[in-house]
Amino acid sequence: MERRQFLHIGAGTAGAMLIPVFGHAIAADELMKPLAASAKKVLADTALNAATQAGASYCDVRIGRYLNQFIITRDLNVENISNTESSGVGVRVIAGGAYGFASTNDMTPDGIANAARQAVAIAKANAKLQREPVRLAPLKGVGEVAWATPFKQDWRSIPVKQKADMLIAANKAGMDAGASFMTASLFQINQQKYFASTDGSYIDQDIHRLWAPINATAVDKASGKFRSRAGLSSPVSMGYEYFDAKAGDKVRAAGGVTTLYKNSYDIVEDARLAGMQARQKLSAKSVEPGKYDLVLSPEHLFLTIHENVGHPTELDRVLGYEANYAGTSFVGLDKWESKKFKYGSERVNFVADRTTPGSLGLIGYDDEGVRAKKWDIIRNGILVNYQATRDQAHIIGENESHGCSYADSWSTIQFQRMPNVSLEPGKARLTPDEMVKDVKKGIYILGRGSYSIDQQRYNSQFGGTLFYEIKNGKITGPLEDVAYQTNTQEFWNACSAICDERDWRMGGSFFDGKGQPSQVSAVSHGSSTTRFNGINVINTARKIG
Amino acid sequence: MKQLNQEQAKRITDRVIAFSKADECNVSIQGNRTGNIRFARNGVSTAGLTEDMQLAVRVAFGKRVGTAVVNEFDDKSLEKAVRRAEELARLAPENPEFVPSVSKQDYLATQTFMASTAAIDPDYRAEVAAAAIGAARARKLVTAGFFTDNNRFSCIANSKGVFGFQEFTDLSFTCTARTEDGRGSGWVTRSAVDARRFNAREAADIAIDKALRSMDAKALEPGRYTVILEPAATSEILGNMFSSLGARAADEGRSFLAKKGGGNRLGEKLFDEQVNIWADPWNPDVPVAPWDDDTMLARKRTDIVKNGRIASLDYSPYWAQKTGKQATAGHGNMIMAGGSKSLEELIAGTKKGIVVTRTWYIRMVDPQSLLITGLTRDGTFYVENGKIKHPVKNFRFNESPVTILNNIDELGKPEVIGGDESPFQMVLPPMKVRDFNFTSLSDAV
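All values derive from a computational prediction rather than experimental measurement. (Residues numbered from 1 in each chain as written. Chains lettered and ligands numbered in written order. Predicted model: local features only at pLDDT ≥ 70, side-chain atom pairs only at ≥ 80, totals over all residues. Heavy atoms only, no water.)

**A closer look at the overall build of chain A**
And step 1. The helix and strand tally for chain A stands at ten helices and 28 strands.
And step 2. Against the 2.2 N^0.38 benchmark of 24 Å for 545 residues, chain A shows a C-alpha radius of gyration of 24 Å, consistent with a compact globule.
And step 3. Every one of the 545 residues in chain A was classed for burial, and the buried ones make up 68%.
And step 4. Within chain A, contacts between residues separated by at least 24 positions form 75% of all contacts whose residues are at least 6 apart in sequence.
And step 5. Summing over all exposed atoms, chain A offers an accessible surface of approximately 17,700 Å²; the carbon and sulfur share of this is 52%.
And step 6. Separation of charge centres in chain A, based on 63 positive and 57 negative side chains, amounts to 4 Å. (Helix = DSSP H or I, 4+ residues; strand = E, 2+ residues; numbered from the N terminus. Rg over C-alpha atoms; globule rule 2.2 N^0.38 Å. Buried < 20%, exposed > 50% of the residue type's maximum accessible area, 1.4 Å probe, protein only. Contact = heavy atoms within 4.5 Å. Areas by Shrake-Rupley, 256 points an atom, 1.4 Å probe, with all protein chains shown as cover. Lys, Arg positive; Asp, Glu negative; His and termini not counted. Charge placed at Lys NZ, Arg CZ, Asp CG, Glu CD.)

**Observations concerning the overall build of chain B**
And step 1. Scanning chain B from N- to C-terminus turns up ten helices and 19 strands.
And step 2. The C-alpha atoms of chain B give 24 Å as radius of gyration, which agrees with the globular expectation for 445 residues (22 Å, within 12%).
And step 3. Expressed as lengths along the three principal axes of its C-alpha atoms, the size of chain B is roughly 70 × 60 × 35 Å.
And step 4. Expressed as a percentage of the 445 residues in chain B, the buried residues total 61%.
And step 5. When contacts within chain B are restricted to residue pairs at least 6 apart in sequence, long-range pairs at least 24 apart make up 72% of them.

**Examining the confidence of the model for chain A**
And step 1. The predicted model of chain A averages 92 in pLDDT, with 94% of residues at 70 or higher.
And step 2. Segment residues 2-27 of chain A is flagged for pLDDT under 50; beyond a separation of four residues in sequence, or across chains, it makes 94 contacts in the model. (pLDDT = per-residue confidence, 0-100.)

**Focus: the interface of chain B and chain A**
And step 1. With 101 residues of chain B in contact, the opposing surface of chain A contributes 86 residues.
And step 2. At the junction of chain B with chain A, the criterion picks out four salt bridges.
And step 3. Measuring nitrogen to oxygen at the nearest pair gives 2.7 Å for the salt bridge that ties Glu252 of chain B to Arg74 of chain A.
And step 4. Put simply, chain B and chain A have 35 residue pairs in polar contact (both at pLDDT 80 or more) between them.
And step 5. Per element, the largest residue contribution to the side of chain B that touches chain A is 14 residues, and it comes from strand S2 (residues 43-61) of chain B.
And step 6. Residues of the side of chain B that touches chain A, tallied by class, amount to 38 nonpolar, 34 polar and 29 charged.
And step 7. Note that strand S3 (residues 98-104) of chain A and S2 of chain B share four bridges and pair parallel. Across the sheet, the residue bridging to Thr104 of chain A is Glu51 of chain B, located in S2 of chain B. (Salt bridge = Lys/Arg side-chain N within 4 Å of Asp/Glu carboxyl O. Polar contact = N/O pair within 3.5 Å; in protein donor to acceptor, adjacent residues only side chain to side chain. Nonpolar A, V, L, I, M, F, W, Y, C, P; charged D, E, K, R; others polar. Pairing = 2+ DSSP bridges.)

**Notes on the packing of helix H4 (residues 122-138) of chain B against helix H5 (residues 200-213) of chain B**
All names here are of chain B.
And step 1. Running from N to C, H4 and H5 point in directions that differ by 35°, and their axes come no closer than 9 Å. Crossing geometry of H4 relative to H5 is assigned as right-handed. Where H4 approaches H5, its residues Val128, Ala131, Ala132, Ala135 and Ala136 are matched on the opposing element by Ala200, Arg201, Ala204, Asp205 and Ile208.
And step 2. Partitioned by chemical class, the residues of the contact of H4 with H5 number eight nonpolar, no polar and two charged. (Axes fitted to C-alpha atoms, helices over the stretch in contact; angles between N-to-C directions. Left-handed = near helix turned anticlockwise from the far one by under 90°.)

**Quick look at the nonpolar core**
And step 1. The biggest cluster of nonpolar side chains holds 53 residues, and the ones touching the most others in it are Phe256, Phe271, Ile277, Met336, Ile354, Leu405 and Phe438 of chain B.
And step 2. Of the residues forming this core, the biggest block, six residues, is contributed by helix H6 (residues 231-242) of chain B.
And step 3. Phe302, Val318 and Phe467 of chain A together with Leu375 of chain B belong to the second-largest nonpolar core, a separate cluster that totals 52 residues. (Core = buried A, V, L, I, M, F, W, Y, C linked by side-chain atoms within 4.5 Å.)

**Considerations on the packing of aromatic side chains**
And step 1. In the structure shown here, the tally under the stated rule is 37 aromatic pairs over all chains.
And step 2. Look at Trp211 of chain A and Phe510 of chain A: their rings are 5.6 Å apart centre to centre, the planes differ by 40°, and that puts the pair in the tilted class. Taken together, the residues span a long stretch of sequence, with Trp211 of chain A in strand S6 (residues 201-211) and Phe510 of chain A in strand S26 (residues 505-514) at a distance of 299 residues. Of the two residues, Trp211 of chain A and Phe510 of chain A, both sit in the buried class.
And step 3. When the centroid spacing of 6.1 Å and the interplanar angle of 50° are considered together, the rings of Tyr225 of chain B and Phe438 of chain B count as tilted. With a gap of 213 residues between them, Tyr225 of chain B in strand S7 (residues 223-229) and Phe438 of chain B in strand S19 (residues 431-441) connect regions that are remote in the sequence. (Phe/Tyr/Trp six-rings, centres within 6.5 Å; stacked < 30°, edge-to-face > 60°.)

**Notes on the pattern of salt bridges**
All names here are of chain A.
And step 1. All told, the structure shown has 62 salt bridges over all chains when counted by the stated rule.
And step 2. As a salt-bridge pair, Asp176 and Lys172 come within 2.8 Å of each other at their nearest N and O atoms. Taken together, the positions of Asp176 and Lys172, both in helix H4 (residues 160-176) and four residues apart, correspond to about one turn of that helix.
And step 3. Residue Glu314 pairs with Lys514 through a salt bridge whose shortest N-O separation is 3.3 Å. Of this pair, Glu314 sits in the loop between helix H6 (298-310) and helix H7 (315-319) while Lys514 is found in strand S26, placing the two residues 200 residues apart along the sequence. Each member of the pair, Glu314 as well as Lys514, is classed as buried.

**Examining the sheet that holds strand S15 (residues 382-383) of chain A**
All names here are of chain A.
And step 1. One open sheet holds the four strands; their spatial order is S15-S14-S13-S18, and the pairing between them is antiparallel. Bordering the open sheet on either side are S15 and strand S18 (420-423), each of which pairs with just one other strand.
And step 2. Of the pairings in the sheet, the one linking strand S13 (residues 350-353) to S18 comprises four bridges and is antiparallel in character. Within S18, the residue paired with Ala352 across the bridge is Val421.

**Some thoughts on the pairing of strand S28 (residues 530-539) of chain A**
Working note: regular strand, side chains alternate between the two faces of the sheet.
Residues and elements named next belong to chain A.
And step 1. Here six bridges tie strand S12 (residues 290-296) to S28, and the two strands are oriented antiparallel to one another. Pairing of Gly290 across the sheet is with Val537, part of S28.
And step 2. With four bridges joining them, strand S24 (residues 482-487) and S28 adopt antiparallel strand pairing. Bridge pairing links Ala483 to Ile538 in S28.
And step 3. Where strand S25 (residues 495-498) lies against S28, three bridges are found, and the strand directions are antiparallel. By the bridge assignment for S28, Cys495 is matched with Phe532.

**Things to note about the side chain of Asn77 of chain A**
And step 1. Take Asn77 of chain A: it is sitting in strand S2 (residues 77-95).
And step 2. Polar side-chain contacts of Asn77 of chain A include one of 3.3 Å to the side chain of Glu97 of chain B.
And step 3. Contacts of Asn77 of chain A, omitting those with residues within four sequence positions, involve Ile72 and Ile168 of chain A together with Asn95, Pro96 and Glu97 of chain B.

**Re the sheet that holds strand S9 (residues 302-306) of chain B**
Residue and element names in this part refer to chain B.
And step 1. With mixed pairing, the six strands of this open sheet are ordered in space as S10-S9-S8-S11-S18-S17. Unpaired on one side and paired on the other, strand S10 (309-310) and strand S17 (415-418) mark the two borders of the sheet.
And step 2. In this sheet, S10 lies alongside S9 in antiparallel orientation, the contact comprising two bridges. In the strand pairing of S10, Val305 is matched with Ile310.
And step 3. In this fold H6 packs onto strand S8 (277-279), strand S11 (333-336), S17 and strand S18 (425-428), with an angle of close to 120° to the strand it touches most, S18.

In structure tokens, the structure reads:
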């Protein structure tokens, strides 16, 4: 699930005192100076030694420096600009067969050693409740290595004013085109993560991500009606070159109803279209409920993939570790063991991949020191694997982890999070326009909207940003009040066509929430435009008081 | 890291303000020590302790604002934080909606700290998990849960004379019990400022009882039903509405409180007249800070809904200034009046209906009507002639809190409920509501 409070922070008038949520503010000139890996190694060894001396059979240390900048604009005003920093150390141990964890922002040798000893004490307190000792998949230490997100332009080197001007220009374009109100924000993330473990790994990583959500709202005061159109970009793991929009990265949506983006983003153009389309939505036809063939654009479909393929195939959910909160999963081990559980139609192939360029889940190593990799989740419609961490691999008969461990801060414990889970493109040549030609009664849905799914991932409901009616192979006009309700297995078995690789692109979730205490993670999901036949669509229009 | 007392915190805020050369300077210090234990599959999965303390400095030169936060507290670091904030303020463009900081406020302390909760240690947390796991094992159930406790302080000050210091403790516990075959699931939630008001075994027994009673659920057709909603089932639904009470959005025509033709619906009767909701930082069950961190304004007891009418809207300092109204402090809690009947008594007085323990994955579908979707979870039961007849399969619903609060048949005795995704501490009654809109079935247990 996606967590709303982070979006709330980005949404508007939050006072500067909210900034501690993101960490410590820093001066621009200090952004570019990372702590030397050699200094981090000394600190890490302090923790490893203290933990083993206190009785830990295993210990890993994560030294984190998290730099963020966010810029919030509303209409023609900049509401907030913040540079933030958060630094500290998290120590995880196994002692007496149980996990213990402690974290501190006291980065002195004494502070770090104390945290390590505290983690061991917690593990020992819990060991008496442990029926089976924690069992980690073997992992050979990689020694001292480094990895960094590939990028051309470091967001930290771009003047704040240039970024603010870009957002204001977007807002102006949206308002000129018909929006009553506009918001445009820019989230920029740099995670400097150092991992060390008693296995002999010392891994220094430098990770960068960007997201520029926009929103246009049109109001008709006479009728009291208002409608919004969100941006159609995706968050990415790359540099500021993302905003250097290239003509070749622009994608014409089916029927030419709007412009979509791949690899780079023209935020001003998208804002202009958003303003115009928000205004159009005020007079769009309200949908007739019933069964429709849905043609789903990747900017929309990523969230459906996320909720009803990404989450149900997390092994911790399958096993029950999330039973109290995010829930369990309908794809229990028996379905995997059968080797014939038909998750989707034969054309449905899902791959987990932490190496996809530009994706939010792109890393060199996970937070257990496991190298990033790629593997099958669903092949020809059949469930073939899950997503696992070191302590889960043996449960599915594997002797190495999938590299799915992640913590959102130095202060939080790492646990199983999904990698990029993407739908492979169709093998036959097919464009979105050609796909629409085969639809008699359908709806073309673009962009993300509301989303909700049950705790075992059967029943879901999704809205969208833009909806267009398809009649006898033609897009006839905009619709409103559309949401579809599905059962996950039925939905993916209703997959009747997938456009080819020319149309493949990623959407992404910047703040995917899971766990207790809840943590966020960023992940991308790629697909081409995809059709699902006979899906139940409801009308969401309501009147109150 | 050591927590600060009021004198130590005051000394630091005074130093920071003295360092500042800006037109105004706001300071906040937040320190916390947070412990937790998480369990699943009848064993502890993770447990941890986090300590952190941060100093935030916000300065303004005219309408340019900058903020810096550090976690070092020597004189050099304090000055560095001020200079960083000033540098950011000089880089930032002017904000035409800037409103100067508030002047000295009277903060009447609330009872937010209890030594009993501050004393919680790893052994206490392990015992909480053990109580739930032991009770579940004895009934051949599998349990999963989460317990967390906080011991923190907050200090705010500014160059116009504002100063506030307060300590807080709280705990929260959630527990799910499931049958080994996955056919039944029950859940419970508890939160408290005072650990003496928390009993892990009592709470776990409720989840266990619901799990055992929820096996072999029967499917009912989706449709409109009378429902008896436990407080946990409405907290997120109402939380969405409580977060949508801004005057600006209403006046601008982009809220459910916008009036056709312009203006807002303050004073209009939107709900059943049994509905009375207010915020009160001094409420002994859900005490919160007597100030709002964002604006530093003193919180007041405020009626939100009075006899079904919208009694107040939230005014940010900018919108208050623009419209000639009084700025309001953001609320920390929401309290809804109820009746005297227990949940069981509400059930006993119901001819046909559905009891909902918990709702899940609540999301806004349409902000125009506040239409919300979500699902029932962990204990949904059919009631006939005053008795629970059998468990029913879970439903998806599409419903607006405005409609829910219009269709109230009866309210029960209010309970403390901590929101999951909502920013409010709440006291809410169980509600019997007619014509609740279930739109489809879920196979999830």
